[in-house]
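# Observations on the model geometry
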Amino acid sequence: MAASRAIKAAFKCSPPVISWKSTGKIQQTISSCIERTGLGLHSGKESTVRIRPELAGEGRYFALGLNRIDASIGFARESRLCTTLCKDGYSVRTVEHLLSALEACGIDNCRIEVENSVSDDQSVEVPIFDGSAREWVRAIQEVGLEVAAHPSGENYDKLAPYVNEPIHMWKNDAFIAAFPSSNIRISYGINFPQAPAIGCQWFSCSFLDNFVYVEQIASSRTFCIYEQVEKIWQSGLIQGGSLESAIVCSESRGWLNAPLRYDDEPCRHKVLDLIGDLSLLARAGSQGLPVAHIVVYKGGHALHTDFVRHLSSIE
């Protein structure tokens, strides 16, 4: 009987799988408005993005006219080759690179306005630029950050999700897992045996500050296999794609628009995408990226966002 009570007490006192704890930092926003215009990768349409400062506790959200879509996993929808947020018939596509830069650079609260160059603003897409997050990081560095204000005059503590026990998810031979850790570490593996120039790659790094992201992750570009391009284009995607917005690898001829920025640039770009997708765990100005050692093999946006949904459901 005593042993039974002890076991029950142990389970009762065990910490939750995820704990939201203070990072020791205050919530921030950008110091002034950022505006950039470019083509959407999939739509091929020109759009303008304006990122504006926002109050503490508001978090990151997209504003399409009078419609607000929080950059939260609850609004993420399945979409091929990108991450899309939808609400009440409005959608914003290819948000991952922008959200990755905002998360990594510590912009916890901001309003993101996206407008098409044409009249339809119900379905918009964030510009792709060179296929990386470099343009967004440069824009953030130009204006700088400041403490996010609140009408009450209070500063808001910035929280982060800490993983207290291993969590994992499989899809066929792909997996993503998070292990307890005192700091954020990401290890990512990809495998493209049909394209020997890519092959099997692994990249691993620790995020003690945003320097690692800025210097090793942000400028890595999205990539594709040349032999798959026509089929993808015919399906209505990558209408705005070009050799200036991605690195392209042929199965037989290797990289068609070398040189790469890093030998393992494709793998690093997967880390960039992962950070953008994991940022969807954030809300009310918190940090989305879990404090954990995150290990991924052959992941993609669908696996990333499914994992975030799982994390959100077990908090």
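Bear in mind the structure is a predicted one, so any value in this text is a computation, not a measurement.

### Section: unusual backbone geometry
Leaving glycine out, the prevailing phi sign among residues is negative, and the prevailing peptide bond configuration is trans. Looking along the chain, the bond that leaves Ala258 and enters Pro259 is cis, with omega of 10°. With respect to the helices and strands, Pro259 occurs in the loop between β20 (254-255) and α6 (265-278). Non-glycine residue Asn172 carries a positive phi angle of around 55°. Its place among the elements puts Asn172 in the loop between β14 (167-171) and β15 (174-179). On the accessibility criterion, Asn172 (79% relative accessible area) is exposed. Phi is positive for Lys298, which is not a glycine, with a value near 55°.

### With respect to a nonpolar patch on the surface
Together, Tyr226, Leu243 and Leu256 make up an exposed nonpolar region whose accessible area comes to about 270 Å². Along the polypeptide, Tyr226 turns up in helix α5 (residues 226-234). Residue classification places Tyr226 among the partly exposed positions, given a relative accessible area of 41%.

### Some points on the nonpolar core
Membership of the largest hydrophobic core comes to 77 residues, with the highest contact counts inside it found for Phe62, Phe207, Tyr213 and Ile294. Beyond its immediate chain neighbours, meaning those up to four positions away, Tyr213 contacts Ser100, Ala101, Ala104, Ala133, Val137, Phe207, Ala218, Leu272 and Ile275. Membership of the second largest hydrophobic core comes to 5 residues, among which are Ile128, Ile232, Leu237 and Ile238.

### Observations concerning the environment of Ala160
Among the structural elements, Ala160 can be located in strand β13 (residues 157-163). In this structure, the C-alpha to C-alpha distance between Ala160 and Ile112, residues 48 residues apart in sequence, is 22 Å. Setting aside residues up to four positions removed in sequence, Ala160 forms contacts with Ser19, Trp20, Lys21, Thr23, Gln287 and Val291.

### A few points about the environment of Gly288
Position of Gly288 relative to the elements: it lies in the loop between α6 and β21 (293-297). Taking the C-alpha atoms as reference points, Gly288 and Ile34, 254 residues apart in sequence, are found 22 Å from one another.

### Structural notes on the environment of Ile238
Its location among the elements puts Ile238 in the loop between α5 and β19 (247-250). Taking the C-alpha atoms as reference points, Ile238 and Cys267, 29 residues apart in sequence, are found 20 Å from one another. Each residue touching Ile238, except ones within four places of it in the same chain, is listed here: Leu41, His42, Val229, Ile232 and Trp233.

Criteria and thresholds
Residues numbered from 1 in each chain as written. Predicted model: local features only at pLDDT ≥ 70, side-chain atom pairs only at ≥ 80, totals over all residues. Heavy atoms only, no water. Helix = DSSP H or I, 4+ residues; strand = E, 2+ residues; numbered from the N terminus. Buried < 20%, exposed > 50% of the residue type's maximum accessible area, 1.4 Å probe, protein only. Patch = residues over 30% accessible without salt bridge, like charges linked within 9 Å, V, L, I, M, F, W, Y side chains within 5 Å. Areas by Shrake-Rupley, 256 points an atom, 1.4 Å probe, with all protein chains shown as cover. Salt bridge = Lys/Arg side-chain N within 4 Å of Asp/Glu carboxyl O. Core = buried A, V, L, I, M, F, W, Y, C linked by side-chain atoms within 4.5 Å. Contact = heavy atoms within 4.5 Å.

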